[in-house]
Every structure is written in C-alpha cells, then in structure tokens.
Amino acid sequence: MTKVVEVLANREELIARSLLVVCSQIQAAIAERGICTIAAAGGSTPEPLYKLLSAQDLPWDKIHVFWGDERYVPSDHQDSNQKMARLAWLDKVNIPPSNIHPMPTGSGDPAADALAYQTQLQDFFQVSEGEFPAIDIILLGIGDDAHTASLFPHTAALQVRDALVTVGNKDGQPRITFTVPLINHARCVIFIVAGASKKPALAQIFAPVADDLTYPSRLIQPSGELLWLLDAAAGEELQSLG
C-alpha cells in the first residue's frame, strides 16, 4: 500500500486538488486498461467535486460509475446518493446510461438488493464467487464518528469478509454498502475530508493504536494507493503524517 496525506489550505483548494487527482487516475486507468471504474461517495463534501467533473472533457464512454454505498430510499429521494451524483454530474455529461451502475433499493428487502448488486459487480468484473474485483477508484468520506461508506461503528457490516456488498445500519435504518475487503482491493482509494468536526475522528483513525470497530475508517488499508485529501480545518494536525 502507498499512503499519501495532503492537507490543502481550504475547502476550495481541497476540491480543486481532488479534481486533479481523480482526473489523473481516470486517464491512467483508461491508458492502462481501456476503461476506468469509479465508485462514487455520498455526503455533502464530494458534491462540488462532481459539479467540476461534469465540466471536464473526459472519454465518458470509457468510464463506468458505481456507488460505494447508498441510503435505502428510492432513487428520486432527496437523500439518495445516486440522485445527488446524477444532478451534480452524470446528467450533465455524455455518459452512456449502461455505464451507470446504481445500487438497487427498490425491492423492499435490503439483503436481496445487496446480493443483487454483488451479482452485478461479479458479472461486470468477471470474478468468481469468493473473489474480489479491483475497482480503479473508490471515493470515500468520513463521518464525525469515523464511519466511511455505510460502515458504521460496532455494526455487523464491519465484520463481513466473504461478500462484496452487504447491509449497513445507521441508527436502525438500512443502507447498502461495499464491504471492507472490496474497498481494500481497490487500485486507488481517495478519502476527501473537510471541516473541523472531523478532527477528533481523524486523530483516532491516524493513531498508532485504536479500536477498528469504534473507528471503522481504520479498516481501510487498500492493496493499491491510499490518498487522504484534507482541508486545513480537518487535517492541520496531520500535516506531518504520510
């Protein structure tokens, strides 16, 4: 694993740097393998990144978009990660509809929908049961509680090692989420983190010793690249780390 920590002066510079990194990773993946697979994150931090991505001249027909997690709501719900990404980014670019791979949330059975998305991933990446694909880019954020994707502290999802996708739990509300091993098989994981409210969580995530089940982002140790892109409000105390 190659780990890089960058602290940018403010949120605007964080998003600008994130755009450069993501575009570079997209171009590199396409140059090497002919396509790029990217898993989008939810939350408020990546939305301005998506808006900037929508203005880029990229080979959209070679880019496939997945999601690392999704709230268990209809795709047109205001809380939907898919809806946010479509409005900010995907509806504004010339990407084939077949290149967009949202998490299903409509069956009324979160476990069945998680399994359906796992099957989609296995079919797309042509991996067998028990194998994990290498997604080119997985975008992640963290919560004030150090969760990432929908991997929340002390929930069953943190322990899943034999599946690509599982059901997360946020205060009793189901989510669909990538599992820890799927994230850790990525070629590049990019955390994008802003705001002073994240400092206590980051201190524990970067601490030499802390409880992984209490601070789930500690579990993300990909085999490829790990990039932490932070604004100064979040990362000022981590500038010397890498």
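Residues numbered from 1 in each chain as written. Predicted model: local features only at pLDDT ≥ 70, side-chain atom pairs only at ≥ 80, totals over all residues. Heavy atoms only, no water.

### Some thoughts on the overall build of the chain
Now for step 1: If you tally the helices and strands in the chain, you get 7 helices and 9 strands.
Now for step 2: Here the C-alpha atoms of the chain give a radius of gyration of 17 Å, agreeing with the 18 Å that 2.2 N^0.38 yields for 242 residues.
Now for step 3: In the chain, which comprises 242 residues, the share counted as buried stands at 53%.
Now for step 4: Counting only contacts in the chain whose residues sit at least 6 apart along the sequence, the fraction spanning at least 24 positions is 76%.
Now for step 5: If the 17 positive side-chain charges of the chain are averaged to one point and the 28 negative ones to another, these points end up 3 Å apart. (Helix = DSSP H or I, 4+ residues; strand = E, 2+ residues; numbered from the N terminus. Rg over C-alpha atoms; globule rule 2.2 N^0.38 Å. Buried < 20%, exposed > 50% of the residue type's maximum accessible area, 1.4 Å probe, protein only. Contact = heavy atoms within 4.5 Å. Lys, Arg positive; Asp, Glu negative; His and termini not counted. Charge placed at Lys NZ, Arg CZ, Asp CG, Glu CD.)

### Considering the pairing of strand 7 (residues 173-178)
Now for step 1: Direction of pairing for strand 4 (residues 69-71) relative to strand 7: antiparallel, over a ladder of 3 bridges. The residue bridging arginine 71 from the neighbouring strand is arginine 175, located in strand 7.
Now for step 2: Bridge count for strand 6 (residues 165-170) against strand 7 is 6 bridges, and the pairing is antiparallel. The residue of strand 7 that forms the bridge with glycine 168 is arginine 175.
Now for step 3: Hairpin connection of strand 6 to strand 7: 2 residues between the antiparallel strands, including aspartate 171 at a positive phi of 55 degrees. (Pairing = 2+ DSSP bridges.)

### Quick notes on the UniProt feature "domain: Glucosamine/galactosamine-6-phosphate isomerase" (unreviewed entry) in the chain
Now for step 1: According to UniProt, the "domain: Glucosamine/galactosamine-6-phosphate isomerase" (unreviewed entry) feature falls on residues 10-228.
Now for step 2: For residues 10-228, helix accounts for 30% and strand for 18%, while the C-alpha atoms at its two ends are 15 Å apart. (UniProt positions renumbered as here; feature names shortened; annotations may be inferred.)

### Describing the nonpolar core
Now for step 1: The biggest cluster of nonpolar side chains holds 80 residues, and the ones touching the most others in it are Tyr50, Trp89, Leu139, Phe178, Ile190, Leu202 and Trp228.
Now for step 2: Ranked by residues supplied to this core, first place goes to helix 1 (residues 11-33) with 9 residues. (Core = buried A, V, L, I, M, F, W, Y, C linked by side-chain atoms within 4.5 Å.)

### Considerations on helix 4 (residues 110-125)
Now for step 1: Taking 1.5 Å per residue as the helical rise, helix 4 with its 16 residues ought to reach 22 Å, and the 22 Å between its terminal C-alpha atoms agrees with that figure.
Now for step 2: Every buried residue belonging to helix 4 is among Pro110, Asp113, Ala114, Tyr117, Gln118, Leu121, Gln122 and Phe125, and all of these are buried.
Now for step 3: The elements touched by buried residues of helix 4 are strand 2 (36-40), strand 3 (63-67), strand 6, strand 7 and helix 5 (180-184).
Now for step 4: Where helix 4 begins, the capping side chain belongs to aspartate 109, and its oxygen is found 3.2 Å from the backbone nitrogen of alanine 111.
Now for step 5: Just downstream of helix 4, glutamine 126 is the residue with a positive phi angle, here 55 degrees. (Expected span 1.5 Å × (residues − 1). Polar contact = N/O pair within 3.5 Å; in protein donor to acceptor, adjacent residues only side chain to side chain.)

### Re the layout of surface pockets
Now for step 1: Quantified by volume, the largest pocket comes out at close to 410 Å³.
Now for step 2: As for the largest pocket, its lining consists of 25 residues, and the residues nearest its centre are Gly42, Gly43, Ser44, Ile142 and His147.
Now for step 3: Contributions of two or more residues to the lining of the largest pocket are made by strand 4 and strand 5 (137-140). (1 Å grid on protein atoms, 1.4 Å probe; cavity = no way out; pocket = protein on both sides within 12 Å on 5 of 7 lines; lining within 4 Å. Points joined across faces, edges and corners; volume = space filled by probe spheres on them.)

### Thoughts on the pattern of salt bridges
Now for step 1: Summed over all chains, the structure comprises 9 salt bridges.
Now for step 2: Between aspartate 61 and lysine 62 there is a salt bridge, with its nearest N and O atoms 3.8 Å apart.
Now for step 3: Classification of aspartate 61 by relative accessible area gives partly exposed; the value is 46%.
Now for step 4: One salt bridge in this structure joins glutamate 236 and lysine 199, with 2.8 Å as the shortest N-O distance. (Salt bridge = Lys/Arg side-chain N within 4 Å of Asp/Glu carboxyl O.)

### Notes on the side chain of glutamate 70
Now for step 1: Mapped onto the elements of the fold, glutamate 70 is located in strand 4.
Now for step 2: For the buried glutamate 70, no salt bridge is present, and the opposite-charge side chain at shortest range is arginine 71, 5.5 Å distant.
Now for step 3: Separated by 2.9 Å, the side chain of glutamate 70 and the backbone nitrogen of glutamine 82 make a polar contact.
Now for step 4: With residues near it in sequence (within four places) discarded, glutamate 70 still touches Asp79, Ser80, Asn81, Gln82, Met103, Thr105, Arg175 and Ile176.

### Some details on the sheet that holds strand 8 (residues 188-193)
Now for step 1: Taken together, the 6 strands give an open sheet; going across it, the order is 1-9-8-5-2-3, and neighbouring strands pair in parallel fashion. Among the strands making up the open sheet, the edge pair consists of strand 1 (2-8) and strand 3. Strand after strand, the sheet turns through a mean of 15 degrees between neighbouring axes, direction not considered.
Now for step 2: Relative to strand 9 (residues 225-231), strand 8 runs parallel, the two being bridged by 6 bridges. Considered in strand 9, the bridge of valine 193 is made with leucine 230. (Axes fitted to C-alpha atoms, helices over the stretch in contact; angles between N-to-C directions.)

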